[in-house]
Every structure is written in structure tokens, then in C-alpha cells.
Amino acid sequence: MKTYQAKNGDIERKWYLIDATDVPLGRLATQVANMLRGKDKPTYTAHVDTGGFVVVVNARKVKLTGRKLTEKFYYRHSQTPGGLTAVSAEKMLEKHPDRVVSHAVKGMLPKNLLARRQITKLKIYPGAEHPHAAQKPVKVEVRG
């Protein structure tokens with residue numbers, strides 16, 4: 001019996017819709033990362049992008065457990081001396097809830113060219129509305 005290897009022409013891309021209301025951020029990110037990579041399909045091949053598109057709505061209502069709202073920080077540096085900026089998770093969730101979710105998902109993908117292509121298939125919206133109704137995304141329940 002031969003091992004199945006997916007080819008770029010054989011891949012069928014589906015659209016998935018996930019509601020992030022009251023879902024822990026880590027649980028959400030692991031499931032989204034697996035869907036982006038295609039690990040939820042039997043045709044998964046490690047070196048080929050077999051995943052689908054994922055639309056996450058209500059990113060503003062994602063749940064951070066424990067004291068992460070006040071004690072978790074997102075850092076960036078301007079590459080000048082003393083240019084380190086830290087933003088708490090609470091402020092980041094208020095201003096840019098999409099960045100909180102994308103940062104968590106990006107951290108769960110491998111660090112290579114394939115993952116940089118896969119993260120572009122992630123669409124995150126802070127509210128319940130999204131412009132992807134024409135693609136007929138399948139609603140997926142996040143396992144808690």
C-alpha cells in the first residue's frame with residue numbers, strides 16, 4: 001500500500017466560520033491553526049498547504065483565563081535604543097482584538113514559508129459581521 005501525498009491541484013479549500021464568544025484564546029488558536037494547516041483532514045500532507053480558510057467572528061469577546069488580562073503583555077521594538085513598547089492584553093483586546101487572536105494562532109504555526117502562506121487564509125473580525133457570506137462558510141463549534 002502506498003502513502004498518499006496531496007498535490008496542489010487536488011486540494012479542495014473549504015471556508016469555516018468560528019464564533020469566538022466566551023472561548024478560551026488557547027483553545028481557539030489550536031483549533032484554528034489545525035484547520036489552517038489541514039490537519040483536520042485525512043488528506044493532510046506536511047509539505048503541502050491542504051488547509052482551508054477560517055473566518056473568526058466576535059474576536060472582541062474571546063476569553064482570557066486567570067490574570068492574563070492584566071499580566072500578559074505584547075511587546076514590540078522600534079529598533080532604536082529604549083524603543084521597547086509593552087501593551088497589556090486588556091488594552092490590546094480593546095483596541096485591536098484581531099491582533100490578539102492572530103498572534104496566538106501565528107505562534108502555533110511552524111516558522112517557515114508554508115506557515116506564512118497559511119496565515120493569510122485567516123480572516124478575523126471583532127464583531128459578528130463579516131463580508132464572506134458569498135463563500136458559504138461552514139459553522140464550526142470550538143471544542144472546550
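Residues numbered from 1 in each chain as written. Predicted model: local features only at pLDDT ≥ 70, side-chain atom pairs only at ≥ 80, totals over all residues. Heavy atoms only, no water.

A. Molecular detail of the sheet that holds strand E1 (residues 15–19). If you walk across this open sheet you meet the four strands as E5-E2-E1-E6, and the pairing is parallel. Of all the strands in the sheet, just strand E5 (122–124) and strand E6 (138–140) have a single pairing partner and so form its edges. The average angle at which neighbouring strand axes cross in this sheet is 25°, direction not considered. Both strand E2 (residues 53–57) and E5 contribute to a ladder of three bridges, which runs parallel. Bridge pairing in E5 links valine 56 to isoleucine 124. Where helix H1 (residues 25–37) meets the sheet, it contacts E1, E2, E5 and E6, and its direction lies at approximately 155° from that of E2. (Pairing = 2+ DSSP bridges. Helix = DSSP H or I, 4+ residues; strand = E, 2+ residues; numbered from the N terminus. Axes fitted to C-alpha atoms, helices over the stretch in contact; angles between N-to-C directions. Contact = heavy atoms within 4.5 Å.)

B. Up close: a nonpolar patch on the surface. Among the surface-exposed residues, Phe73, Tyr75 and Leu84 lie close enough to one another that they form a single nonpolar patch of about 340 Å² accessible area. Note on placement: tyrosine 75 falls in strand E3 (residues 73–77). (Patch = residues over 30% accessible without salt bridge, like charges linked within 9 Å, V, L, I, M, F, W, Y side chains within 5 Å. Areas by Shrake-Rupley, 256 points an atom, 1.4 Å probe, with all protein chains shown as cover. Salt bridge = Lys/Arg side-chain N within 4 Å of Asp/Glu carboxyl O.)

C. The arrangement of the pattern of salt bridges in detail. Within this structure, the stated rule accounts for three salt bridges. Between arginine 13 and aspartate 49 there is a salt bridge, with the nearest N and O atoms lying 3.9 Å from each other. Of this pair, arginine 13 sits in the segment before E1 while aspartate 49 sits in the loop between H1 and E2, and the two are 36 residues apart along the sequence. Classification of arginine 13 by relative accessible area gives partly exposed; the value is 34%. Between arginine 67 and glutamate 71 there is a salt bridge, with its nearest N and O atoms 3.6 Å apart. Classification of arginine 67 as exposed rests on a relative accessible area of 61%. Through salt bridges with shared partners, a single ionic network connects Arg13, Asp49 and Lys121. (Buried < 20%, exposed > 50% of the residue type's maximum accessible area, 1.4 Å probe, protein only.)

D. How the structure looks around the packing of aromatic side chains. Across all of its chains, the model carries two aromatic pairs by this definition. Summarising the aromatic geometry, the rings of tryptophan 15 and phenylalanine 53 are spaced 4.4 Å apart at their centres and angled 5° between planes, so their arrangement reads as stacked. Within this pair, whereas tryptophan 15 is found in strand E1, its partner phenylalanine 53 is found in strand E2, the two being separated by 38 residues in sequence. By relative accessible area, tryptophan 15 is classed as buried at 15%. For the ring pair phenylalanine 73 and tyrosine 75, a centre distance of 6.4 Å and an interplane angle of 35° mean the geometry is tilted. Residue phenylalanine 73 is classed as partly exposed on the basis of its relative accessible area, which comes to 37%. (Phe/Tyr/Trp six-rings, centres within 6.5 Å; stacked < 30°, edge-to-face > 60°.)

E. Molecular detail of the side chain of aspartate 49. The class of aspartate 49 is buried, set by a relative accessible area of 11%. A distance of 2.8 Å separates a polar atom in the side chain of aspartate 49 from a polar atom in the side chain of lysine 121. The residues touching aspartate 49, leaving out its near neighbours within four places in the chain, are Ile11, Arg13, Leu36, Leu114, Gln118 and Lys121. (Polar contact = N/O pair within 3.5 Å; in protein donor to acceptor, adjacent residues only side chain to side chain.)

F. The nonpolar core, seen in detail. Residues Leu28, Val32, Val54, Val105 and Leu122 are the most contacted members of the largest nonpolar core, which totals 32 residues. If one sorts the elements of this core by residue count, H1 sits on top with seven residues. With sequence-adjacent residues up to four places away left out, valine 32 is seen in contact with Ile18, Val54, Val56, Val105 and Leu122. (Core = buried A, V, L, I, M, F, W, Y, C linked by side-chain atoms within 4.5 Å.)

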